[in-house]
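Here's the letter readout for the chains.
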Amino acid sequence: MPPARPAYSRLLLKLSGEALMGDDAFGINRDTIVRIVGEVAEVTRMGVQVAVVIGGGNIFRGVAGGSVGMDRATADYMGMLATVMNSLALGDTMNKAGLTARVMSAIGIEQVVEPYVRPKALQYLEEGKVVIFAAGTGNPFFTTDTAAALRGAEIGAEIVLKATKVDGVYSADPKKDPHATRYSHLTFDEAMRNNLGIMDAAAFALCRDQNLPIKVFSIFKVGALKRVVMGEDEGTLVHL
């Protein structure tokens, strides 16, 4: 029997900044980022094209107290810069692991990373490089969830993988309700009707309008990313 083929050829992986903290209070936990990169490397070796959007909560959390009372746009720009720092760390770890990563920023800081240019990003993906999209959408008032939906649609990704701390979407908080059940799949309308809060409203609406499925899974479960890519029953699939 021939080996099973991946269910997706191009995907957008959305990582939260907090995913890099491991058990630390803030910042980047080295063991955690190396493990996550190892999971991504396993998927790319299968021929899957991977793009990544990462948040900045692990860094911005440390300065969030100082942003109280700050202009919202200014605070959002600070958050964008935090995602650039995470993207540089992720890209460096990938390169050391034998992958070829390219960081592309939505805001202009050419001395540090190259600017986001869609045709160039598509070229990198076709060449088998991992593309890391930094600085969100480049605009305040939009989250990195929205950036993931936007970039996923722009590059023609077949799915957005939202990596979280929980292994899917549940009918209730599994920490509080022992009878909570994991949804294997949901429609966009069901998720909105039940107010499940999978992504912010702008990101969710964009994915629905572009018929871009979302898979919610735990990045902390060893091998989960590969199982998702192989189309196994891992996490929760949200679709039309």
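Use the structure listed above.
A short tour of the structure in this document, coming up. (Residues numbered from 1 in each chain as written. Predicted model: local features only at pLDDT ≥ 70, side-chain atom pairs only at ≥ 80, totals over all residues. Heavy atoms only, no water.)

1. A closer look at the pattern of salt bridges
Part 1: In this structure the tally under the stated criterion is 13 salt bridges.
Part 2: Two residues, Glu234 and Arg227, come together in a salt bridge whose shortest N-O distance is 2.8 Å. (Salt bridge = Lys/Arg side-chain N within 4 Å of Asp/Glu carboxyl O.)

2. Things to note about the pairing of strand β5 (residues 130-134)
Part 1: Most of β5 is tucked away, with five of its five residues classed as buried.
Part 2: With burial as the criterion, each face of β5 is covered, one bearing Val130, Ile132 and Ala134 and the other bearing Val131 and Phe133.
Part 3: In the sheet, strand β2 (residues 49-54) pairs with β5 via three bridges, with the strands oriented parallel. Across the sheet, the residue bridging to Ala51 is Val131, located in β5.
Part 4: Relative to β5, strand β3 (residues 101-105) runs parallel, the two being bridged by five bridges. When the sheet's bridge partners are listed, Arg102 is paired in β5 with Val131. (Buried < 20%, exposed > 50% of the residue type's maximum accessible area, 1.4 Å probe, protein only. Helix = DSSP H or I, 4+ residues; strand = E, 2+ residues; numbered from the N terminus. Pairing = 2+ DSSP bridges.)

3. With respect to unusual backbone geometry
Part 1: Despite not being glycine, Ala135 has its phi angle at roughly 70°, a positive value.
Part 2: Among the secondary structure elements, Ala135 is positioned in the loop between β5 and α5 (144-154).
Part 3: Its identity as a non-glycine residue notwithstanding, Asn211 has a phi of 50°, on the positive side.
Part 4: Asn211 sits in the partly exposed class, given a relative accessible area of 49%.

4. Concerning the packing of helix α1 (residues 30-44) against helix α3 (residues 72-96)
Part 1: Put simply, α1 and α3 touch, their axes get as near as 10 Å, and they point 60° apart. The angle between the axes of α1 and α3 places the two elements in the oblique class. Between α1 and α3 lies a crossing of right-handed hand. In this structure, α1 uses Arg30, Ile33, Val34, Val37 and Val40 to contact α3, whose residues at the interface are Ala89, Leu90, Thr93, Met94 and Lys96.
Part 2: A per-class count over the contact of α1 with α3 returns seven nonpolar, one polar and two charged. (Axes fitted to C-alpha atoms, helices over the stretch in contact; angles between N-to-C directions. Parallel < 35°, antiparallel > 145°, perpendicular 65-115°, else oblique. Left-handed = near helix turned anticlockwise from the far one by under 90°. Contact = heavy atoms within 4.5 Å. Nonpolar A, V, L, I, M, F, W, Y, C, P; charged D, E, K, R; others polar.)

5. Here's the deal with the packing of aromatic side chains
Part 1: This structure, assessed with the given rule, holds two aromatic pairs.
Part 2: Ring geometry for Tyr116 versus Phe133: centroids 5.4 Å apart, planes at 90°, classification edge-to-face. Of the two residues, Tyr116 is situated in the loop between β4 (114-115) and α4 (118-126) and Phe133 in strand β5; the sequence distance between them amounts to 17 residues. Across the pair, exposure class does not vary: Tyr116 and Phe133 are buried alike. (Phe/Tyr/Trp six-rings, centres within 6.5 Å; stacked < 30°, edge-to-face > 60°.)

6. Here's the deal with the nonpolar core
Part 1: Core analysis: the biggest nonpolar cluster contains 39 residues, and Leu13, Leu15, Val52, Leu90, Met94 and Phe217 have the highest contact counts within it.
Part 2: Residue assignment for this core shows that the elements contributing at least two residues are β1 (10-15), α1, β2, α3, β3, β5, β6 (160-164) and α8 (224-229).
Part 3: Broken down by element, this core gets its largest block of residues, six residues, from α1.
Part 4: If we skip the residues at most four places from it in the chain, Leu13 touches Val40, Ala51, Val52, Val53, Leu161, Ala163, Phe217 and Leu225.
Part 5: By size, the runner-up hydrophobic cluster in this structure holds 30 residues, among which are Val131, Ala147, Ala191 and Ile214. (Core = buried A, V, L, I, M, F, W, Y, C linked by side-chain atoms within 4.5 Å.)

7. Description of the side chain of Lys162
Part 1: Note that Lys162 resides in strand β6.
Part 2: Separated by 3.1 Å, the side chains of Lys162 and Asp145 make a polar contact.
Part 3: Non-local contacts of Lys162, meaning those with residues more than four positions away in its chain, are made with Lys14, Asp145, Ile198, Met199, Ile214, Lys215, Val216 and Phe217. (Polar contact = N/O pair within 3.5 Å; in protein donor to acceptor, adjacent residues only side chain to side chain.)

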